[in-house]
Amino acid sequence: MNHFFESVSAFFAGGDQLPWCSRDIIAGCEKEVAEAANDASDEAKSESMMRLSWALVHSRQADDVQRGIAMLEASIVNTNSPLQKREKIYLLAVGYYRSGDFSRSRQLLEQCLEIAPDWRQALSLKKAIEDRITKDGVIGIGITATAVGLIAGGIAAALVRRN
């Protein structure tokens, strides 16, 4: 019986295995980007921007996630390396997942999996998205069924009162 309640609470919690990032880590990454902008190599600048993008899309703050998405979308066009492109696409997928745009996230993960079909992180996030979409559908059906039941009950009560 205890296992049943754990399953139900896990279902409604919708937990994923993605890490969260604190505001302190984001601030540290922002400082690193500012320092790299002054006198670092292009590679060091790119790496510090990548770390900041990672931190932003893993934030609990919606504004940070949106900023991370914008940074990644702006930088992806200048990416030549397939590995870097895969990483940026994956981080974009994380950002869209965190912001609730599951269909866009799933599209991006499909692109990742074209580059690296066995990439566990992408496969895991894709499964989390599919589970979330399924859960949202089940909840939606439950809400609809409840609403229909209430309406039908109200109509039946009105008919009984009338007679």
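Draft legend 1. Quick peek at the overall build of the protein chain. Scanning the protein chain from terminus to terminus reveals seven helices and zero strands. For the protein chain, the α and β elements follow one another from N to C terminus as α-α-α-α-α-α-α. With 163 residues in all, the protein chain has 29% of them scored as buried. Here the analysis covers contacts within the protein chain between residues at least 6 apart in sequence; of these, 55% occur between residues at least 24 apart.

Draft legend 2. Local environment of the nonpolar core. With 24 residues, the main nonpolar core has Tyr90, Leu92, Leu109, Ala122 and Leu125 as its most contacted residues. Listing elements by their share of this core, those giving two or more residues are α4 (62–76), α5 (82–98), α6 (102–115) and α7 (120–162). Per-element tally for this core: the top contributor is α5, with eight residues. Sequence-distant contacts of Leu109, that is, excluding residues within four places in its chain, are made with Tyr90, Ala93, Ala122, Leu125, Lys126 and Ile129.

Draft legend 3. Just the confidence of the model for the protein chain, in detail. Summarising the model, the protein chain shows a mean pLDDT of 82, and 81% of its residues fall at 70 or more. By mean pLDDT, the top-scoring element of the protein chain is α4 (95), and the lowest-scoring one is helix α1 (residues 2–13) (40). Confidence drops under pLDDT 50 across residues 1–15; counting only partners more than four residues distant or on other chains, this segment forms nine contacts.

Draft legend 4. Layout of the side chain of Lys126. Checked against the element boundaries, Lys126 lands in helix α7. The exposure class assigned to Lys126 is buried, which follows from its relative accessible area of 18%. Filtering out sequence-adjacent residues up to four positions away, Lys126 remains in contact with Leu109, Glu110 and Leu113.

Draft legend 5. Quick look at the side chain of Ser105. As for its placement among the helices and strands, Ser105 is situated in helix α6. The class for Ser105 is buried, based on a relative accessible area of 0%. Sequence-distant contacts of Ser105, that is, excluding residues within four places in its chain, are made with Ala93, Tyr96, Tyr97, Leu125 and Ile129.

Draft legend 6. Expanded view of the pattern of salt bridges. By the definition in use, this model includes seven salt bridges. The closest approach of N and O atoms between Glu30 and Arg23, which form a salt bridge, is 3.7 Å. The partner of Arg67 in a salt bridge is Glu30, and the shortest N-O contact between them spans 2.4 Å. With a gap of 37 residues between them, Arg67 in helix α4 and Glu30 in helix α2 (residues 23–39) connect regions that are remote in the sequence. Using a relative accessible area of 33% as the deciding quantity, one classes Arg67 as partly exposed. One continuous salt-bridge network, built from bridges that share partners, spans Arg23, Glu30, Asp64 and Arg67.

Draft legend 7. Highlighting the packing of α5 against α6. The contact between α5 and α6 brings their axes to 8 Å, and the two run at 160°. With respect to their mutual orientation, α5 and α6 come out roughly antiparallel. When the axes of α5 and α6 are compared, the crossing they make is left-handed. Contacts between α5 and α6 involve Pro82, Arg86, Ile89, Tyr90, Leu92, Ala93, Tyr96 and Tyr97 from the first element and Phe102, Arg104, Ser105, Leu108, Leu109, Gln111, Cys112 and Ile115 from the second. Across the contact of α5 with α6, the residue classes tally to twelve nonpolar, two polar and two charged.

How each quantity is defined
- Residues numbered from 1 in each chain as written.
- Predicted model: local features only at pLDDT ≥ 70, side-chain atom pairs only at ≥ 80, totals over all residues.
- Heavy atoms only, no water.
- Helix = DSSP H or I, 4+ residues; strand = E, 2+ residues; numbered from the N terminus.
- Buried < 20%, exposed > 50% of the residue type's maximum accessible area, 1.4 Å probe, protein only.
- Contact = heavy atoms within 4.5 Å.
- Core = buried A, V, L, I, M, F, W, Y, C linked by side-chain atoms within 4.5 Å.
- pLDDT = per-residue confidence, 0-100.
- Salt bridge = Lys/Arg side-chain N within 4 Å of Asp/Glu carboxyl O.
- Axes fitted to C-alpha atoms, helices over the stretch in contact; angles between N-to-C directions.
- Parallel < 35°, antiparallel > 145°, perpendicular 65-115°, else oblique.
- Left-handed = near helix turned anticlockwise from the far one by under 90°.
- Nonpolar A, V, L, I, M, F, W, Y, C, P; charged D, E, K, R; others polar.

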